[in-house]
Amino acid sequence: MKKIFVFFVTIILATISWAGGNSIQIKGSDTMVNLGQAWAESYMQQHKDVLIAVTGGGSGTGIASLISGTCDIAESSRSMKKEEIAQAKTKGINPQEFTVGLDGIAVVVHPSNSVDKLTIDQLADIFTEKIKNWKEVGGKDASIVLLSREVNSGTHVYFKENVLRKGDFKSTAEFDSTALLMPSSQAIADEVAQNSNAIGYYGMGYISKAQKTIAVAKDAKNEYYTPTLENVVSGKYYISRPLFFYTNGDPQGLVKSFIDFVFGPAGQQIVKDTDFVPIK
Amino acid sequence: MQKNFNGKLVKEWVIERCIYLSGIASIIFVGLIFIFLAKEGFSLFKTVSVSDFLLGQKWYPISTPAQFGILPLIVGSLYVTLGATIIAVPIGIASAVYIAEVAPVKTREILKSGIEVLAAIPSVVLGFIGMMTLVPWVKNTFHLPTGLTAFSGALMLAFMAMPTIVSIAEDALNAVPKRYKEAALALGATRWQAIWRVIFPAASSGILAAVMLGIGRVIGETMAVMMITGNAARIPNSLFEPVRTLTATVAAEMGETVRGSDHYFALFAIGIVLFIITFFINLIADLAVHRKLK
C-alpha cells in the first residue's frame, strides 16, 4: 500500500515538474528523433538547468500531441494536413511552421543490379507496376520487387506525392498493391542488401555500402544526380523534402531560445552530423 | 466482546467485497474495452458501408477518396494463421504426447523448461531472427522474388504457438486418470495403442482447447508478422506471396492517423473484427473444456 502511494506521489511530482518552466517536450517524426535528440543534448550542455525530452512515434503522433497541448514542439517530416490545422484551430492552437533541415530521399537497389540511373517517370512507372521487369529499364530479366514504407511514414507520403504523382494534386497514382510495406527504413535497407531484385527508398542517412544508390533525373533531357549533400542543397537532386518544427503560435521564452539554437551555426552543424541537409 | 465481533464482521465484509471486485474486474475491463472499440469503430460505418469494409479489396487508407477494404487483410491473417496451425498443431501435440507419456523423467524436465523458455522469447526478437535467417532461406529455397511471405510468417508463428499448445495439451494428457492406461496395458494393448486409442480420446477436449488457444495466440500476434510477411495489402494466390495481416495494419498505421478521421475509425473497426474472431476462438476452446468436465 505504502509503495503504491509513493509511486503515485512520484508520478504526480514528475508531472508537476514537467509542467514547470524549465522543460521542453518535443514529440513526433521517427525520421527526426535522432536529430532532435542530438539538438536537445547539445542545448542542455550549454544550459544545465533546462530539461528537454524528445520522443518519436511518427509525425502524426507529434502533431496530435501539439493539438492536445501535451508537447511544446512537434517534429514532422510532412506538412500538417488541412484537417489537422482545422482541428488545432478549434482547440485554440495556432500551429506555426519552421523548416529546420532537409532530407534527400535515396532510391536504392542491390549492388549487383546493373541499373544505376532512372528518371522520375521511370520511377513512377516502377512503383505503380507499369514497369514490372528490370529489363524494361536496361537491367537483367527479373521481376522487380517493390519496397515501400508504411502509410504512417512521412517518407511514404512524400514519395507518393512527389514521385508517383509528380507533384500533381489531381493525380490518383498509388503504390501498387504488390509493394511490400516495410515497418522501418532499416528493414528496407536490410531487404535491399539481400535481395537482388528489390528497389526501395529512404532518407539519405541510411545509405550504406550494402546498397547501391540510383542517380535520378527529372526527365530524360536532364542530367542524372545522386543524393549527395551538395546536390540536395543546390536542388539538383530532385527528391528531397523539408523537415519541420511546429509550435503553438510564435515561440517564446525557452522554446524560442531552443529554436534559435537550432537555426544557429551549431544547430545546423548537428543537422549535417546526423546525415541530414542543413538549410543554410 | 461484542465490539470485537463487529470489527471482525466489518473486516470480513470489506475483504469479501475486495475479492469480489478483483474477481469481476477482468469482466469489467473486457466490457469497457469492447464499449470503447465499438464507440470508435462503428463511427466508420456512417461513411463506409459494412460490406465495402469487409469485402472491399483495396486498402488505401490515406488517399482521397480513401478506400477501406479489409478483405486482403482478413485473407492475409487467415493464410498466416492456417499455415502456422498446420505446422504447429501436429508437432505440438506429438511433443505433448512425448513429454506426458513417453519421455523419461529427466528428459521431460529438460523439455518442459525448454518449452517455457521458448514461450518467454519476446516476439520482436523472434521476428528479428526470422528476418535475418528465415527470410533469405525461404527466398533461396523456393526461388521466390522475395522471402517476405505468408509462409515465413506462418513458420515463425508456429514457433510462438507451440509452447501454448504443448503445455496445455500436456496438462490435458496428464489429467487422464492413470487407471485408464493401466487397464489398457493390462488388457494387452501396446504402449502406442494405449496412447492412441485410450489416453488420446480421453484428453481430446483438452487438446482441442490447446489448439484453439494456440490459434488465438497466432491470430493476435503482431510484431513478428509485421517484420516478416511483407505487408502487401493484396489477396495472395498462395502461401508463398507477401500478405498483410489485420494486426500488423493496426500496429503500423495507428501512430500516424489523424484522431477522429475515417482512417482512425477504420483501425478501430479492424479491432472489432479481431475481437470477434478471438472471441469465437476462445468460446470454442471454452466449450471444448466444459464438455470435458461433464
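Conventions and cut-offs
- Residues numbered from 1 in each chain as written.
- Chains lettered and ligands numbered in written order.
- Predicted model: local features only at pLDDT ≥ 70, side-chain atom pairs only at ≥ 80, totals over all residues.
- Helix = DSSP H or I, 4+ residues; strand = E, 2+ residues; numbered from the N terminus.
- Buried ≥ 20, exposed ≤ 12 C-beta atoms within 10 Å, placed from the backbone.
- Contact = placed C-beta atoms within 7 Å.
- Nonpolar A, V, L, I, M, F, W, Y, C, P; charged D, E, K, R; others polar.
- Domains from an automatic or database assignment.
- Core = buried A, V, L, I, M, F, W, Y, C linked by C-beta atoms within 7 Å.
- Pairing = 2+ DSSP bridges.
- pLDDT = per-residue confidence, 0-100.
- Axes fitted to C-alpha atoms, helices over the stretch in contact; angles between N-to-C directions.
- Parallel < 35°, antiparallel > 145°, perpendicular 65-115°, else oblique.
- Left-handed = near helix turned anticlockwise from the far one by under 90°.
- Right-handed = clockwise from strand over helix to strand, strands pointing away.

## Quick look at the overall build of chain B
- For chain B, the count of helices and strands is 12 helices and 2 strands.
- Its helices and strands in sequence order give chain B the pattern α-α-β-β-α-α-α-α-α-α-α-α-α-α, from N to C terminus.
- Taking the principal axes of its C-alpha atoms as reference, chain B extends roughly 70 × 70 × 30 Å.
- For chain B, buried positions account for 39% of its 294 residues.
- Counting only contacts in chain B whose residues sit at least 6 apart along the sequence, the fraction spanning at least 24 positions is 74%.

## Describing the overall build of chain A
- Within chain A, the secondary structure is distributed over 10 helices and 11 strands.
- Its C-alpha atoms give chain A principal-axis dimensions of about 70 × 45 × 40 Å.
- Across the 280 residues that make up chain A, the buried fraction comes to 42%.
- Long-range pairs, those at least 24 residues apart, make up 70% of the contacts in chain A between residues at least 6 apart in sequence.

## A word on the interface of chain B and chain A
- Listed per partner, the contact involves 26 residues of chain B and 29 residues of chain A.
- For the side of chain B that touches chain A, the leading source of residues is helix α5 (residues 123–141) of chain B, giving 3 residues.
- Residue composition of the side of chain B that touches chain A, grouped by class: 14 nonpolar, 7 polar and 5 charged.

## Let's talk about the domain arrangement of chain B
Residues and elements named next belong to chain B.
- Here the domain parsing of chain B yields domain 1 (2–46) and domain 2 (51–293).
- Relative placement of domain 1 and domain 2: their C-alpha centres are 32 Å apart.
- Tallying the contact residues gives 7 residues for domain 1 and 9 residues for domain 2.

## As for the nonpolar core
Residue and element names in this part refer to chain B.
- The biggest cluster of nonpolar side chains holds 143 residues, and the ones touching the most others in it are Leu157, Ile165 and Ala169.
- If you tally residues by element for this core, the top one is helix α6 (residues 150–174), at 17 residues.
- Residues within four places of alanine 169 in sequence aside, it is in contact with Gly92, Ile93, Ala96, Gly206, Ile207 and Ala210.

## Brief notes about helix α5 (residues 120–127) of chain A
Residues and elements named next belong to chain A.
- Summarising burial for α5: 6 of the 8 residues are buried, a large majority.
- Along α5, the positions that sit buried rather than exposed are Ile120, Gln122, Leu123, Ala124, Ile126 and Phe127.
- For α5, the secondary structure elements touched by its buried residues are β4 (95–109), β5 (117–119), β6 (145–149), α6 (154–164), β8 (198–203) and β10 (215–217).

## Description of the pairing of strand β3 (residues 73–76) of chain A
Residue and element names in this part refer to chain A.
- By the alternation rule, side chains of β3 split into Ile73 and Glu75 and Ala74 and Ser76, which are all buried.
- With 3 bridges joining them, strand β1 (residues 23–28) and β3 adopt parallel strand pairing. Looking at the pairing, lysine 27 lines up with alanine 74 of β3.
- With 4 bridges connecting them, β3 and strand β11 (residues 240–248) associate as antiparallel partners. Paired with glutamate 75 across the bridge in β11 is phenylalanine 245.

## Section: unusual backbone geometry
- Although it is not a glycine, Asp275(A) sits at a positive phi angle of roughly 70 degrees.
- Along the polypeptide, Asp275(A) turns up in the segment after α10 (265–273).
- With 16 C-beta atoms packed within 10 Å, Asp275(A) lands in the partly exposed category.
- Positive phi is not limited to glycine here, since Asn231(B) has a value of about 60 degrees.
- Positionally, Asn231(B) belongs in the loop between α10 (223–228) and α11 (246–253).

## Considerations on the confidence of the model for chain B
All names here are of chain B.
- With 97% of its residues at a pLDDT of 70 or more, chain B shows a mean pLDDT of 89.
- Looking over chain B, one finds the lowest element-wise mean pLDDT in helix α12 (residues 262–293), namely 86, and the highest in helix α3 (residues 71–102), namely 93.
- The complex prediction reports pTM at 0.78, with the ipTM value standing at 0.74.

## Details of the domain arrangement of chain A
Residues and elements named next belong to chain A.
- Split by domain assignment, chain A resolves into domain 1 (2–101 + 243–273) and domain 2 (103–240).
- Centre-to-centre separation of domain 1 and domain 2, based on C-alpha positions: 31 Å.
- Facing 10 residues of domain 1, the contacting portion of domain 2 comprises 7 residues.
- Residue composition of the side of domain 1 that touches domain 2, by class: 1 nonpolar, 8 polar and 1 charged.

## What to know about the packing of helix α4 (residues 105–120) of chain B against α6(B)
Residues and elements named next belong to chain B.
- For the pair α4 and α6, interaxial distance at closest approach is 8 Å and the crossing angle is 135 degrees. Compared by their axis directions, α4 and α6 come out oblique. As α4 runs across α6, the sense of the crossing is left-handed. When α4 is examined against α6, the residues Ile115, Leu118 and Ala119 are found in contact with a partner set consisting of Phe159, Met162, Pro163, Val166 and Ser167.
- Classifying every residue of the contact of α4 with α6 by side-chain character gives 7 nonpolar, 1 polar and no charged.

## Some thoughts on the pairing of β1(A)
All names here are of chain A.
- Sheet topology note: the β1/strand β2 (residues 51–57) ladder contains 6 bridges and is parallel. Its bridge partner lying in β2, isoleucine 24 is registered against isoleucine 52.
- For the segment spanning β1, helix α2 (residues 33–46) and β2, crossover handedness is right-handed.

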